[in-house]
Amino acid sequence: MSLLYNTGEWFTLEQGGSFRKVELYKMKWPPNIDLEQMKVYAAPYGGPIAVMKDRNSFLKIEGGTSTRPVIRIFNCVGKQISSINWDCGEIVTLGWSDAEELVVVQDDGTVFIYDMFGNFVHKFSVSKDVTDVTEARIFQSASGTGVAAMTGTAKIYVLNNIKDPKSRPLSDLLNITNSQGCWEMVSKDRTTVCVVTQGPDVIVARYGDNALSTPPISLTVDYKSFTLMCASFDHQHLALLTNTGCLWMGSSDLRQKYCEFTTGRTERPTQLAWCLDGAPGNETPAVIICYSNMLQIVLTTGESSIYSYDSAVTLVQEMDSVRVISSSSHDLMQRVPSCTKKIFGISISEPASFLFVAHCKFQERSHQSNEYLCLTAGKLRGAVADCIEAAGYEFDSNTQKSLIRAAYFGKSFLADYNVIEYVRMCKTLKVLNALRDPNVAIPITIRQFEHLQPIVVLDRLMFRKYYGLAMQIAKYLNILEKRILEHWAFQKLAQDKNDDEVARKIAAKFASAGLQQPMSFASVAERAQQIGKIKLAITLLEMETKKKLQVPLLLKLGASEKALIAATQSGDIDLIYMALLEMKNTTELAKFHMTIRRYPLAQNLYKKYCQLNSLSTLKDIHSQEDDFLAQAELTLREALQLGQLDASIPDVSGNFRRVGKPLEADLCDEAKKLAKHQKLLNDKYQKQFQGLALHATVRKLLQLGDVRYAEKLKSEFKLPDRRYWWVRVQTMAENYMWEDLERFAKAKKSPIGYEPFVEVCLRQQNIQEAKKYLPRCGEDTKLKWYLRASCYAEAANIAFMQKDIESLLKILDYCAGDATLLSTVQNMILQVSEKK
């Protein structure tokens, strides 16, 4: 069937398919812009357009008009964004980076970078050896945006990334004259080569080559030289035009020839441009030859078509099309997508076309709708997919709606249709239409949008300062808006002069953004610090809720006390120490101590730090605060560590009494007396007594046999009798003084009982000695100690007397080797059992 719908700007080539011209905008150039005398440099992906007078054109200079060049920057609808009054050297060429920055190459080898608003970003030199650039190329490489410059001696210098400008000359074997036809940079597989024509020959040069490559170019017509060359957007294809008007098309490595085409024209075109499909496994590409006011489209199959314009035009290569900029319009030349041809093509009988017509008839309330719908039987799902895909390629919103509604109509008849792709396309179209609006003027195609990804598109909106639109798109596509708000805040910092007003606006905007997580002020404050607005940075940081971000920046800004307050509020010990140490290094010591006194947590942590690293500092703090208790404790601890207790005790005791600690003071006095005794004992016995506790001192004296001095210490320091007896009993047993132990036990009644006597004898494995004290043990423990001494017969008698059958049963287990005792214990158990 035939559908004459939306096909007025189509032109069809026999084998290569159809192409179409889509008018994007009516241009609104200022009256003084005449493209006939201008050089136009447009960025891809719907980027800005730089316009400058062509230095090779004859220009009429009016009185009072400066002859210095002016670079004007426009958006895609011809509205001026900014201008740059050039007052440096002679400009060789202009171009755009992948970040939409204007790249200006000057004849002395200097490269200037500006943003689209005409603000200078930075500059660098191609090479210190380059001072006479005659031609230059700005190209895209795998590393970023590159610049190649040709000097007056026909030497070419290349740098692959303007963000990291490291230039290198191409092969020294490249020996060409100034009469070369043309040259182009080709970046492929992370390798950048220069294709240069010298008369009828083509030379391929790259850095580090030992020999130049001169691949043969086979043409069936005679020619003397090549006048124009163009690499495709993806650097996969190359086109060469001879002086006789013959076009050679082939691969960028020059190994494959697609075709040659004789244009029949001898005048030199202004441009060549490749028109690609942009999709993997794309159809046959085409080359557009641009003459003064005419375009000739040539397919790699050898077919061609001509399209005329009323004025001079400029071609802009895109990944999937070619944009055509003229004085009156801004158009898009592209191959008609296959899904679009299935719907709107002439004499088409495709399910998608039937579905579209069925929907149109349905809107007209015609019964024919069902007839056309029946023609899609079994293929309705594919027809719906084609309508959705075709809607994405359309620029006219009415056509988009028609196709989307047709898809919606068709999916209603599919039971298990997944609407994900349908919803995605509706969202994408809404975003694309907002970008293409003349007030925004970013006319990207759906393939370009999918290639760039929404994040990059949002970045480009931010660079153009369309923050409101960027926020709406981010919310619509469920993308975090934090980056947009931060970029907006950065612009406010740079533009507004009233710091208080800027802080208020930023705080209000961040609060009203409605984000799930609050915006961080740290990055904005850091940017304010970078541009020298310290006071504003501190004000912004005071609004930051994340202390881990707030404290380091406050310290960096010199607001150490504010940082300390924020750190103590967080309770994070690491942050507090960070603030304390930084404040200590940057503040006078007296002021530092006075400041931290107001923050108890910080002061306590600082004291702990000093305790581990500087006791003298800690003493000074305690002294300043009249903290006598802390002074006493610190002095006592230090004296114990240094072994100088006798010298420090008076100070410790006095400090304890000042804070009402009499018990501790008395203990210190006793420690002082003990230290004096220990010093005498050191001299007397030439053994180390100093530093020992009272108990250990007495024990050591008893081991040395000095009982009299030990009893003196016992009396003087009121050592309890029980403890003293324990020490004496243990000491005599350890020294095997059994007779002395027996006399000591008989001297007077033991305050600790006689079980310890048994225990120390058993510990020394002297059972015979232990038996002397077993009868004197208490009745409630006597059985236990007889058992521990392995006196089973005596233990059995005691258990029998106490009628303790459980103990008798336990003793029975130990009598296996003694038949007499075993029989006796069994009789005892029997008698006790009968009595019970």
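Along each chain, numbering runs from 1 in the same order as the chain's sequence is written. Given that this is a predicted model, residues contribute local features only at a pLDDT of at least 70 and side-chain atom pairs are listed and counted only at 80 or more, while totals for whole chains, interfaces and linings are drawn from all residues. Side-chain metrics rest on all non-hydrogen atoms present in the structure, leaving aside hydrogens and water.

1. Details of the overall build of the protein chain
For the record, the criterion: Here a strand is any run of E in DSSP of at least two residues, a helix any run of H or I of at least four, and the numbering for each starts at the N terminus. Summary of the burial criterion: residues with accessible area below 20% of their type's maximum are buried, those above 50% are exposed, and those between are partly exposed, where the area comes from a 1.4 Å probe applied to protein chains only. Here, residues are in contact when the closest pair of their heavy atoms is within 4.5 Å. Only the protein chains shown count as cover for residues, with accessible areas throughout obtained via the Shrake-Rupley method and a probe of 1.4 Å.
Within the protein chain, the secondary structure is distributed over 31 helices and 28 strands. In the protein chain, which comprises 836 residues, the share counted as buried stands at 49%. For the protein chain, the share of sequence-separated contacts (at least 6 apart) that also reach a separation of at least 24 residues comes to 49%. As displayed, the protein chain has an accessible area near 41500 Å², and 49% of this comes from carbon and sulfur atoms.

2. Considerations on the packing of helix H9 (residues 482–495) against helix H10 (residues 499–512)
Quick note on the threshold: The angle between two axes is taken between their N-to-C directions and runs from 0 to 180 degrees, where each axis is a line fitted to C-alpha atoms and a helix contributes only its stretch in contact. Orientation labels follow simple angle bins: below 35 degrees gives roughly parallel, above 145 gives roughly antiparallel, 65 to 115 gives roughly perpendicular, and whatever is left gives oblique. Amino acid classes used here: Ala, Val, Leu, Ile, Met, Phe, Trp, Tyr, Cys and Pro are nonpolar; Asp, Glu, Lys and Arg are charged; the rest, including Gly, are polar.
Their axes nearest at 10 Å, the elements H9 and H10 cross at an angle of 170°. Between H9 and H10, the interaxial angle falls into the category roughly antiparallel. Residues Leu485, Trp488, Ala489, Lys492 and Leu493 of H9 lie in contact with H10, whose contacting residues are Val502, Lys505, Ile506, Lys509 and Phe510. Residues belonging to the contact of H9 with H10 are distributed by class as follows: seven nonpolar, no polar and three charged.

3. Observations concerning the sheet that holds strand E11 (residues 133–141)
For the record, the criterion: Any two strands with at least two DSSP-identified bridges between them are counted as paired.
Taken together, four strands build an open sheet; the order of strands is E11-E12-E13-E14 and the sheet is antiparallel. What marks the edges here is a single partner per strand, and that holds for E11 and strand E14 (168–169). Sheet topology places strand E13 (residues 156–159) next to E14; two bridges connect them, and they run antiparallel. Each residue of the ladder has a partner; that of tyrosine 157, found in E14, is proline 169.

4. Here's the deal with the state of the cysteines
Inclusion rule: Throughout, disulfides are identified as pairs of cysteine sulfur atoms within 2.5 Å of each other.
Evaluated as defined, the whole model comprises zero disulfides. Free of any disulfide, cysteine 387 has its nearest cysteine sulfur in cysteine 339, 9.1 Å distant. In this structure cysteine 387 comes out as buried when scored by relative accessible area, which is 0%.

5. Topic: the pattern of salt bridges
Put simply, the test is: By convention in these notes, a salt bridge is any Lys or Arg side-chain nitrogen within 4 Å of a carboxyl oxygen on Asp or Glu.
With the rule as written, the count across this model stands at 28 salt bridges. As a salt-bridge pair, aspartate 499 and lysine 533 come within 4.0 Å of each other at their nearest N and O atoms. Of this pair, aspartate 499 sits in helix H10 while lysine 533 sits in the loop between helix H11 (522–530) and helix H12 (534–541), and the two are 34 residues apart along the sequence. In this structure aspartate 499 comes out as partly exposed when scored by relative accessible area, which is 23%. Classification of lysine 533 by relative accessible area gives buried; the value is 17%. Among the salt bridges present, the one from lysine 562 reaches glutamate 542, with a minimum N-O distance of 2.8 Å. Taken together, the positions of lysine 562 in helix H14 (residues 560–570) and glutamate 542 in the loop between H12 and helix H13 (547–556) put the pair 20 residues apart, joining distant regions of the chain. Look at glutamate 542 and you get partly exposed, because its relative accessible area is 45%. A cluster of three or more residues bridged by salt bridges with shared partners is formed by Glu100, Arg460 and Arg464.

6. Some remarks on the side chain of serine 560
For serine 560, the location among the structural elements is in helix H14. Apart from residues no more than four positions distant in its own chain, serine 560 is found in contact with Leu554, Leu555, Met583 and Thr587.

7. Focus: the pairing of strand E12 (residues 144–151)
The element E12 is extensively covered by neighbouring structure, given that eight of its eight residues are classed as buried. Two strands pair when backbone bridges link them, and E11 and E12 are joined in this way by eight bridges, in the antiparallel orientation. Considered in E12, the bridge of valine 133 is made with threonine 151. Taking the residues between adjacent antiparallel strands as the criterion, E11 and E12 are bridged by two residues. Sheet topology note: the E12/E13 ladder contains four bridges and is antiparallel. Bridge pairing in E13 places alanine 148 opposite valine 158.

8. Quick word on the nonpolar core
Defined as follows: As used in this record, nonpolar core signifies buried Ala, Val, Leu, Ile, Met, Phe, Trp, Tyr and Cys residues forming a set joined through side-chain atoms within 4.5 Å.
Counting residues in each nonpolar core, the largest one holds 93 residues, and the members touching the most others are Leu435, Leu461, Leu493, Ile506, Leu540 and Leu580. With eight residues, helix H4 (residues 380–393) is the largest single contributor of residues to this core. In this structure, Leu702, Cys791, Tyr792 and Met828 belong to the second largest nonpolar core, which totals 51 residues.

9. Things to note about unusual backbone geometry
Despite not being glycine, glutamate 100 has its phi angle at roughly 60°, a positive value. Locating glutamate 100 in the fold gives a position in the loop between strand E7 (91–96) and strand E8 (102–106). A positive phi angle, close to 60°, is found at glutamine 765, a residue other than glycine. Here glutamine 765 shows up in the loop between helix H26 (755–763) and helix H27 (767–770).

10. Brief notes about the sheet that holds strand E27 (residues 322–325)
Taken together, the five strands give an open sheet; going across it, the order is E1-E2-E28-E27-E26, and neighbouring strands pair in antiparallel fashion. Sheet topology places strand E1 (10–13) and strand E26 (314–317) at the edges, where each strand pairs with a single neighbour. On average, each strand axis in the sheet is inclined to that of its neighbour by 25°, with strand direction left out of account. Taken together, the four bridges between E26 and E27 define a ladder with antiparallel strand orientation. Paired with leucine 315 across the strands is valine 324, a residue of E27.

11. Looking at the environment of lysine 687
Following the sequence through the fold, lysine 687 ends up in the loop between helix H21 (662–685) and helix H22 (694–704). Spatially, the C-alpha atom of lysine 687 lies 9.8 Å from that of lysine 700, the residues being 13 residues apart in sequence. Dropping the residues within four chain positions of it, lysine 687 is found in contact with Leu681, Asn682, Lys700 and Leu704.

12. Remarks on the pairing of strand E25 (residues 304–308)
Bridge count between strand E24 (residues 294–299) and E25: five bridges; the pairing is antiparallel. Within E25, the position partnered with isoleucine 297 by the bridge is serine 305. What sits between the antiparallel neighbours E24 and E25 is a turn of four residues, in which glycine 302 has the positive phi angle 95°.

13. Considerations on the side chain of glutamate 318
The line we're drawing: Think of a polar contact as two N or O atoms within 3.5 Å of one another; within protein, one of them needs to be a possible hydrogen donor and the other a possible acceptor, and neighboring residues in sequence only count if both atoms come from side chains.
One can find glutamate 318 in the loop between E26 and E27. A polar contact of 2.8 Å, which involves the side chain of glutamate 318, links it to the backbone nitrogen of tyrosine 45. Every residue in contact with glutamate 318, bar those within four places of it in the chain, is listed here: Ala43, Pro44, Tyr45, Gly46, Phe233, Arg323 and Gln448.

14. Describing the environment of glycine 95
Examined against the element boundaries, glycine 95 turns out to sit in strand E7. A relative accessible area of 8% places glycine 95 in the buried class. For the pair formed by glycine 95 and alanine 136, sequence separation is 41 residues and the distance between their alpha carbons is 9.9 Å. Non-local contacts of glycine 95, meaning those with residues more than four positions away in its chain, are made with Glu101, Leu102, Val103 and Ile138.

15. Digging into the packing of aromatic side chains
Here a ring pair, both rings aromatic, is described through the centre-centre distance and the interplanar angle of the planes. Worth spelling out the cut-off: Between rings of Phe, Tyr and Trp, where Trp is taken as its six-membered ring, a pair exists when centres lie within 6.5 Å; planes separated by under 30 degrees are stacked, by over 60 edge-to-face, and by other angles tilted. Working rule: Lys NZ or Arg CZ, within 6 Å of ring centre, within 35 degrees of ring normal, means a charge sits over the ring.
A complete count under the given rule lists 14 aromatic pairs for this structure. Ring geometry for phenylalanine 362 versus phenylalanine 409: centroids 4.9 Å apart, planes at 35°, classification tilted. Taken as a pair, phenylalanine 362 in helix H2 (residues 351–363) and phenylalanine 409 in helix H5 (residues 397–411) lie far apart in primary sequence, 47 residues in all. Here the aromatic residues Trp86, Phe112, Tyr114 and Phe120 are joined through ring pairs into a cluster of three or more. Above the plane of the ring of phenylalanine 117 lies lysine 465, whose end atom (NZ or CZ) is 4.5 Å from the centre. Between the NZ or CZ atom of lysine 509 and the centre of the ring of tryptophan 488, over which it lies, the distance is 5.5 Å.

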